[in-house]
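The primary structure of each chain is shown beneath.
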Amino acid sequence: MRERDDFSKPVKKQLADRVRHACSNPECENPTMGPDSGEEKTINIGVAAHITAAASGGKRYDPSLTPDQRKSISNGIWLCQSCSKLIDSDEQLFPVEKLRGWKRAAEQKCLEAIVSPKFKRSSVPIETAADQYFVKQLGLPANIDLQAHLKQMIDAAKADLSAFKSMPSWPSDPVELDLKITGDQGSQRFDVYGLAATIETFNEISVTANPGTGKTTTLLQLAEVALEESNFVAVFMPLGEWSTQNSTLFECVIKRKSFQGAKPEHLMLLAHHGRLILILDGWNELDPASRRRAIDEIKALQRDFPDIRLVISSRQKEFDNPIFGPEVHVGELSEDQQLSIAKTLRGSEGEALMDHAWRTRGVRELVATPLYLITLLAQTTSNELPKTKEEVLRTFVS
């Protein structure tokens, strides 16, 4: 008889974390973890249940799935023990699509709670000791101090981030853009702090944005917020830069001046302990060969380091995007944000310029995009912005 395709411990942990250890049955939603009668232990009554059975003969078994697909996070749902037994009591009453709907709704509810302004981010505790068996596998010194190593790498990441922010393309006064969960029309908008809280819980996020909307700025702000907490090493990597080198993502990172003296193994140690956020910008910029190479490397990271945090940005969610997690969309600038940028760039005349822009068809739509707004304000020396599409185009050509 064929063995069951059971979930690994990291997959079980992620399924529980993605719903904050609550049962995914919308008619239950009971917590599945809490303290026992002692002072140090916890009780867990949660189950990582298979949506389609782990072995032939089980409920909702799908013979078309591979073993890897059957034991992947996409085939799991977190339930309390009672509801886990319930869904296996009647296959007709609890079909696959119903369970997938439960899972989507439970994760969405958790995500909405996390990005809410009322959500209080808690500092993720830092381990005091590294996994000695893994340290030995990596060939690192046996006496390595995880906290000291984490601090050293955070300092390197902060210096690396400063180098990106010192580039001419970095806005002089970047605003925090509004973010929204893609596909949910009723979801509230949130800021980069909500995004940072989301990556701590969901491990993987896709960030999408229209051209010029500011996704790169948002990703750099995400790295900055994550580094503020001193709990994670957040590393920004333009995929276009990586694609020109015959190196792994980790090798590309340590080639930078700020990470001088570091080895890929140092990043592997952080990834193993869930302390590394790898922020990959520009999925849409990769050619087919580079994209295939990126997919293979990202899948290897997901397999070898289940607790690594991954963020990938693109103009839209591509079908081959290897990220399994929420999709966040960068929204257009609000009028308040437009006004703030205009005043920063043009001082007292900024308010008058924006009033003119909002009353001019064609220009009104353009200034909602950061790239166009900043370019128009910088290239226009008079007290008025362009009045026609042709004038706008001439400004950009110049």
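Notes on the structure follow.

How each quantity is defined
Residues numbered from 1 in each chain as written. Predicted model: local features only at pLDDT ≥ 70, side-chain atom pairs only at ≥ 80, totals over all residues. Heavy atoms only, no water. Pairing = 2+ DSSP bridges. Helix = DSSP H or I, 4+ residues; strand = E, 2+ residues; numbered from the N terminus. Axes fitted to C-alpha atoms, helices over the stretch in contact; angles between N-to-C directions. Contact = heavy atoms within 4.5 Å. Buried < 20%, exposed > 50% of the residue type's maximum accessible area, 1.4 Å probe, protein only. Parallel < 35°, antiparallel > 145°, perpendicular 65-115°, else oblique. Left-handed = near helix turned anticlockwise from the far one by under 90°. Nonpolar A, V, L, I, M, F, W, Y, C, P; charged D, E, K, R; others polar. Phe/Tyr/Trp six-rings, centres within 6.5 Å; stacked < 30°, edge-to-face > 60°. Core = buried A, V, L, I, M, F, W, Y, C linked by side-chain atoms within 4.5 Å. Expected span 1.5 Å × (residues − 1). Polar contact = N/O pair within 3.5 Å; in protein donor to acceptor, adjacent residues only side chain to side chain.

1. Comments concerning the sheet that holds strand β10 (residues 327-330)
Here's step 1: Reading across from one edge, β5-β10-β6-β9-β8-β7 is the order of the 6 strands in this open sheet, with mixed pairing throughout. Two strands close off the open sheet at either side, each with one partner strand: β5 (179-181) and β7 (233-238). Between one strand and the next, the sheet's axes are offset by a mean angle of 20°, whatever the strand orientation.
Here's step 2: Looking at chain direction, β5 and β10 are connected through 3 bridges and run antiparallel. Note that in β10 the partner of Lys 180 across the bridge is His 329.
Here's step 3: Taken strand by strand, helix α7 (residues 192-202) contacts β5, β6 (204-208), β8 (276-281), β9 (309-314) and β10, and its axis lies near 145° from that of β6.

2. Considering the pairing of β8
Here's step 1: Counted residue by residue, β8 has 6 buried out of 6 residues, so it is predominantly covered.
Here's step 2: Going residue by residue along β8, you find Leu 276, Leu 278 and Leu 280 tucked away on one face and Ile 277, Ile 279 and Asp 281 tucked away on the opposite face as well.
Here's step 3: Relative to β8, β7 runs parallel, the two being bridged by 6 bridges. Directly across from Pro 238, in β8, lies its bridge partner Asp 281.
Here's step 4: As defined by bridge partners, β8 adjoins β9 across 4 bridges and the pair is classed as parallel. Bridging from a neighbouring strand, Ile 279 pairs with Val 311 of β9.

3. Examining the packing of helix α6 (residues 146-165) against helix α8 (residues 215-228)
Here's step 1: Where α6 meets α8, the closest approach of the two axes is 10 Å, and the angle between their N-to-C directions is 150°. Overall, the two elements α6 and α8 adopt an arrangement that is roughly antiparallel. Relative to α8, the crossing made by α6 is left-handed. For the pair α6 and α8, contact is made by Ile 154, Ala 157, Lys 158, Leu 161, Phe 164 and Lys 165 and by Leu 220, Ala 223, Glu 224 and Leu 227, respectively.
Here's step 2: Of the residues that constitute the contact of α6 with α8, the class distribution is 7 nonpolar, no polar and 3 charged.

4. A short note on the packing of aromatic side chains
Here's step 1: For the structure shown, the criterion picks out 4 aromatic pairs.
Here's step 2: Measuring from centroid to centroid gives 6.2 Å for Phe 134 and Phe 305, while their planes differ by 85°, and the two rings are edge-to-face. Within this pair, whereas Phe 134 is found in helix α5 (residues 132-138), its partner Phe 305 is found in the loop between α12 (288-304) and β9, the two being separated by 171 residues in sequence.
Here's step 3: Under the relative-accessibility criterion, Phe 134 is labelled buried at 12%.
Here's step 4: Pairing Phe 164 with Phe 236 gives two aromatic rings, centres 5.0 Å apart and planes at 80°, and the pair type is edge-to-face.

5. Comments concerning the environment of Pro 63
Here's step 1: Examined against the element boundaries, Pro 63 turns out to sit in the loop between β3 (46-50) and α2 (67-70).
Here's step 2: A C-alpha to C-alpha distance of 9.5 Å links Pro 63 and Thr 52, two positions 11 residues apart in sequence.

6. Concerning the side chain of Ser 247
Here's step 1: Of note, Ser 247 is situated in the loop between α9 (239-243) and α10 (249-254).
Here's step 2: By relative accessible area, Ser 247 is classed as buried at 8%.
Here's step 3: Those residues in contact with Ser 247, other than ones at most four positions away along the chain, are Trp 242, Cys 252, Lys 255, Arg 293 and Glu 297.

7. Things to note about the nonpolar core
Here's step 1: Membership of the largest hydrophobic core comes to 90 residues, with the highest contact counts inside it found for Val 233, Phe 250, Leu 269, Leu 276 and Ile 279.
Here's step 2: The dominant element in this core, judged by the number of residues it contributes, is α6, at 8 residues.
Here's step 3: Ignoring any residue separated from it by four or fewer positions in sequence, one finds Ile 279 in contact with Leu 219, Leu 222, Ala 223, Ala 234, Val 235, Phe 236, Met 237 and Val 311.
Here's step 4: If you look at the next biggest cluster of nonpolar residues, it comprises 11 residues, including Ile 51, Leu 79, Cys 83 and Trp 102.

8. As for helix α13 (residues 335-346)
Here's step 1: Compared with the 16 Å implied by 1.5 Å per residue over 12 residues, the 16 Å span of α13 between its first and last C-alpha is a close match.
Here's step 2: Here α13 has its buried residues at Gln 337, Gln 338, Leu 339, Ile 341, Ala 342 and Arg 346.
Here's step 3: Looking at the buried side of α13, the elements it contacts are α14 (350-358) and α16 (370-379).
Here's step 4: Backbone geometry just downstream of α13 places Gly 347 in the positive-phi region, at approximately 65°.

9. Looking at α7
Here's step 1: Burial runs high along α7: 10 of the 11 residues are buried.
Here's step 2: Listed as buried for α7 are Val 192, Gly 194, Leu 195, Ala 196, Ala 197, Thr 198, Ile 199, Glu 200, Thr 201 and Phe 202.
Here's step 3: Capping the start of α7 is the job of one residue whose side-chain oxygen sits 3.0 Å from the backbone nitrogen of Tyr 193: Asp 191.
Here's step 4: Positive phi shows up at Asn 203, right after α7, with a value of about 70°.

10. Re the packing of helix α4 (residues 96-115) against α7
Here's step 1: Contact geometry for α4 and α7: axes closest at 8 Å, N-to-C directions at 140°. As the angle between them shows, α4 and α7 are arranged oblique. α4 and α7 meet at a crossing whose hand is right-handed. Contacts between α4 and α7 involve Glu 107, Cys 110, Leu 111, Ile 114 and Val 115 from the former and Gly 194, Ala 197, Thr 198, Thr 201 and Phe 202 from the latter.
Here's step 2: Taken together, the residues that form the contact of α4 with α7 break down as 6 nonpolar, 3 polar and 1 charged.

11. Quick notes on the environment of Gln 221
Here's step 1: Take Gln 221: it is sitting in helix α8.
Here's step 2: Along the backbone, Gln 221 and Glu 176 are 45 residues apart, and their C-alpha atoms lie at a distance of 7.9 Å.

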